[in-house]
Amino acid sequence: MTSDQHRPRFHFTAPTNWINDPNGVCFHAGRYHLYYQYNPNAAKWGDIHWGHASSADLVHWRDEPIALAPTPGGADAGGCFSGSFALVAGQPTLYYTGYTAQRQVQCAATSDDLQHWTLQPARTITTPPPGVGVQDFRDPYVFRHDDRWYMVVGASLHHARGQCLLYRSDDGIAWDYRGPLFTSPDLTLGRMWECPNFFPLGDRWVLTVSIWLGLGAHWFVGRFENEVFVPESDGVLDLDAGAFAHLTMQGPDGRTLQWAWMNEQREQARIDADGWAGAMTVPRELSLDARGRLNLRPVAEIAALREAPVDVTTSGAQRGVVATFAGRHLDIEATFTIRSVHDSQKLGLTVLASPDGSEVTRIVFWPDARRLSIERARSSTDALVRRQDLHGTLLLDEGEALHLRVLLDGSVLEVYANDRLALATRVYPVSEASVLGSVFVEGEADVALQVWAMGSLHEGPRSVLARPTQD
């Protein structure tokens, strides 16, 4: 697949076939572990197992054998869906959603080596609480607080409103339902909340949810009191499901790290021809700013994949195209010092442009409209890929510069703005010549630009992913 111009080089994906949600992320015995939803037999959703990769540095990843497979006749016979990791009395434990007989249940599996896992049927949570349907009950996130174990489960109240359910356990084995942790205050925030994460950050608690069906992800910051979450602020984590199914862990150095899944944005015929589907965002570091807003940025370790600075040609112009560069796998840092946040003139970058202009992806900021966009209308001449634009709101303070961190990796595009807005999507130019980039300014702004070529994240040769032995 090395000749596939759309395949990412430094965003994680499996050797072949389909991946989706990150699962069970953790640090154990000196390595980071990333599990993920995986179909070992096709480049489309179905036959869901857990794939597995590990890393010593968050940068270079080693493919490991498949971790979980559906158990014939078991609670996960229909698939091993999303979940999380916990170390319970020294025992590595995965909590995840099993699917069988048209029901979603919460399963547990244990291991001694993080490679071979044994389903523990006696620990299965089989019945959702009243008001929650048997197919609206999934994605357990387990954490430790006040010397007890807690589990948050995604749900839908009456199949109409997103909800997070809270369970408690003294031993991580037997669970007691404590009631709703938090219920969506607004019907516009989706019918179902998937992949809830609930974790402390600074002196506050953060709840992130992925909004079903495909409506992006949202964050809430607030207090955890009497086993109920009390939000104080909220905002968009990722737009339009460009990145979805976020999963968070605390690193050994105390950082709060998060991954998300980036789905394909092309028709199945294109995916089948290439033999792979899906990628992860780079690991992100989360924090709270002075205003209590959730901030996010790529982990610093990603810079280790920078191979060499890319030549940047400046035009000498004050307006219009002020610099050009080229590449398909790039790390770009651009800072725009804008004369006024009330300027109505656009500025930004183009990437993956063809020499004749038939293909181009634009990253555009309007200071007065407070809007950052990824414009994909001309990102590809292929009619079988999606090309809708993404728009996010970014309010700059007077005198605050716009800083864009752009990670371009084949078909993967992540844009981070001032550590508080992320836009993530996929783009699929057809022409092999669509590698040109530029920086443009229509108003009045000074620009500082650095561009690096990026290397590969994979640690040595890719291994063959073998099915696990059934215990």
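Remember, predicted model here, so these are calculated numbers, not experimental data.

S.K.: What is the right way to read the packing of aromatic side chains from this model?
M.R.: Given two aromatic rings, their pairing is described by the distance between the two centres and the angle made by the two planes. Taken as a whole, this structure holds 25 aromatic pairs when the rule is applied. Aromatic ring contacts, followed pair by pair, group Phe143, Tyr150, Phe182, Trp193, Phe198, Trp205, Phe220, Phe224 and Phe229 into a single cluster. Over the ring of Trp276 we find Arg266, and its NZ or CZ is 5.1 Å from the ring centre.

S.K.: So what exactly am I meant to see when it comes to unusual backbone geometry here?
M.R.: Glycine aside, the phi torsion of most residues is negative, and most peptide linkages are trans. Going from Trp212 to Leu213, the amide bond is cis rather than trans, its omega being 10°. Here the phi dihedral of Asn17 falls at roughly 70°; this positive angle occurs in a residue that is not glycine. Within the secondary structure, Asn17 sits in strand β1 (residues 17-28). Take Asn17: its relative accessible area is 13%, and that puts it in the buried class. Positive phi, normally seen in glycine, also occurs at Leu58, with a value near 70°.

S.K.: Explanation requested: the sheet that holds strand β23 (residues 306-309) in the structure shown.
M.R.: Sheets are built from strands paired through backbone hydrogen bonds, the pairs being either parallel or antiparallel. Judged by pairing direction, the sheet is antiparallel, and its 6 strands sit side by side in the order β23-β35-β26-β31-β32-β33 without closing on themselves. The open sheet has two free edges, formed respectively by β23 and β33 (421-426), since each of these has just one partner strand. The average undirected angle you get between the axes of adjacent strands in this sheet is 20°. Two elements, strand β31 (residues 402-409) and strand β32 (residues 412-417), share 6 bridges in a ladder whose sense is antiparallel. For Leu404, the partnering residue across the bridge sits in β32 and is Ala417.

S.K.: Teacher, can you tell me more about the nonpolar core here?
M.R.: Most often, soluble globular proteins have nonpolar side chains that are buried together. Within the largest apolar cluster, 68 residues are counted, with the highest numbers of intra-cluster contacts made by Trp61, Leu181, Phe198, Leu207 and Trp259. Among all residues touching Trp259, those that are not within four sequence positions of it are Pro22, Val25, Leu34, Leu58, Trp61, Ala245, His246, Leu247, Met249, Met280, Thr281 and Pro283. Within the second largest apolar cluster, 36 residues are counted, among which are Ile338, Leu347, Val439 and Val441.

S.K.: In this structure, what is going on with the confidence of the model for the protein chain? I would like to understand it.
M.R.: Interpretation of the predicted coordinates at a detailed level should be avoided for regions scoring low in pLDDT. Looking at the protein chain, pLDDT values average 95 and 97% of them are 70 or higher. The low-confidence segment residues 461-471 (pLDDT under 50) makes 31 contacts with residues lying over four places distant or belonging to another chain.

S.K.: Sorry if this is basic, but what is going on with the pattern of salt bridges here?
M.R.: Scanning the model with the defined rule gives 28 salt bridges in all. Between Arg178 and Asp176 there is a salt bridge; the shortest N-O distance is 2.8 Å. Owing to a relative accessible area of 35%, Arg178 belongs among the partly exposed residues under this scheme.

S.K.: What is the right way to read the sheet that holds strand β9 (residues 132-145) from this model?
M.R.: Taken together, the 4 strands give an open sheet; going across it, the order is β9-β10-β11-β12, and neighbouring strands pair in antiparallel fashion. Each end of this open sheet is capped by a strand with a single partner; those strands are β9 and β12 (176-183). Averaged over all neighbouring strand pairs, the angle between strand axes comes to 25°, with direction disregarded. Bridge analysis of strand β11 (residues 161-169) against β12 gives 6 bridges, and the strand direction is antiparallel. From the neighbouring strand, Tyr167 faces β12, where its bridge partner is Tyr177.

S.K.: Mind showing me how you'd approach the side chain of Asp4 here?
M.R.: Its place among the elements puts Asp4 in the segment before β1. Salt bridges are absent for the buried Asp4, whose nearest opposite-charge side chain, Arg266, sits at 5.4 Å. Polar side-chain contacts of Asp4 include one of 2.8 Å to the side chain of Trp276. Not counting residues within four places of it along the chain, the set of residues in contact with Asp4 comprises Asp274 and Trp276.

S.K.: Just to check I follow, could you spell out the environment of His49 for this structure?
M.R.: Inspection of the secondary structure puts His49 in strand β3 (residues 49-55). According to the relative accessible area criterion, His49 is buried, its value standing at 1%. Placed 82 residues apart in sequence, His49 and Gly131 show a C-alpha to C-alpha distance of 29 Å. At a separation of 2.8 Å, a polar atom in the side chain of His49 contacts the main-chain carbonyl oxygen of Asp47.

S.K.: I'm lost on the side chain of Arg255 in this one. Help?
M.R.: Mapped onto the elements, Arg255 comes out in the loop between β17 (244-250) and β18 (256-262). The class of Arg255 is buried, set by a relative accessible area of 14%. Looking at Arg255, its side chain comes within polar contact range of the side chain of Glu301, at 2.6 Å. Non-local contacts of Arg255, meaning those with residues more than four positions away in its chain, are made with Tyr32, Leu58, Met249, Gln250, Glu285, Val299, Ala300 and Glu301.

S.K.: How should the pairing of β9 be read in this particular structure?
M.R.: Remember that side chains alternate between the two faces of the sheet whenever the strand is regular. In terms of strand pairing, β9 meets strand β10 (residues 148-157) through 8 bridges, oriented antiparallel. Within β10, the position partnered with His145 by the bridge is Arg148. Hairpin connection of β9 to β10: 2 residues between the antiparallel strands, including Asp146 at a positive phi of 50°.

About the cut-offs
- Numbers given to residues run from 1 along each chain, matching the order in which its sequence is written.
- Only residues with pLDDT of at least 70 get local features here, since the model is predicted, and only at 80 or more are side-chain atom pairs given and counted; chain-wide, interface and lining totals rely on the full set of residues.
- Side-chain figures throughout are based on the complete set of non-hydrogen atoms in the structure, without hydrogens or water.
- Any two of the Phe, Tyr and Trp rings considered here, Trp counted by its six-membered ring, make a pair once their centres fall within 6.5 Å; the pair's planes then place it as stacked at under 30 degrees, edge-to-face at over 60, or tilted in between.
- Cation placement over rings: the criterion is NZ of Lys or CZ of Arg within 6 Å of the ring centroid and within 35° of the ring normal.
- Put simply, DSSP marks the helices as runs of H or I at least four residues long and the strands as runs of E at least two long, and each gets a number from the N terminus on.
- Partly exposed residues are those whose accessible area sits between 20% and 50% of the maximum for their type, while under 20% is buried and over 50% is exposed, using a 1.4 Å probe and protein chains only.
- Any two strands with at least two DSSP bridges between them are considered paired.
- Here the axes come from fitting lines to C-alpha atoms, over the contacting stretch only for helices, and the angles between their N-to-C directions go from 0 to 180 degrees.
- In these notes, a set of buried Ala, Val, Leu, Ile, Met, Phe, Trp, Tyr and Cys residues joined through side-chain atoms within 4.5 Å is what counts as a nonpolar core.
- The contact criterion used is simple: two residues touch if any of their non-hydrogen atoms lie within 4.5 Å.
- The quantity called pLDDT is the predictor's confidence in a given residue, expressed from 0 to 100.
- In what follows, salt bridge is the name for a side-chain nitrogen of Lys or Arg lying within 4 Å of a carboxyl oxygen of Asp or Glu.
- Note on charges: Lys and Arg go in the positive column, Asp and Glu in the negative column, and His and the chain ends are not counted at all.
- Pairing of N or O atoms within 3.5 Å defines a polar contact, subject to two protein rules: one partner must be a possible hydrogen donor and the other a possible acceptor, and residues neighboring in sequence count only if both atoms are side-chain atoms.

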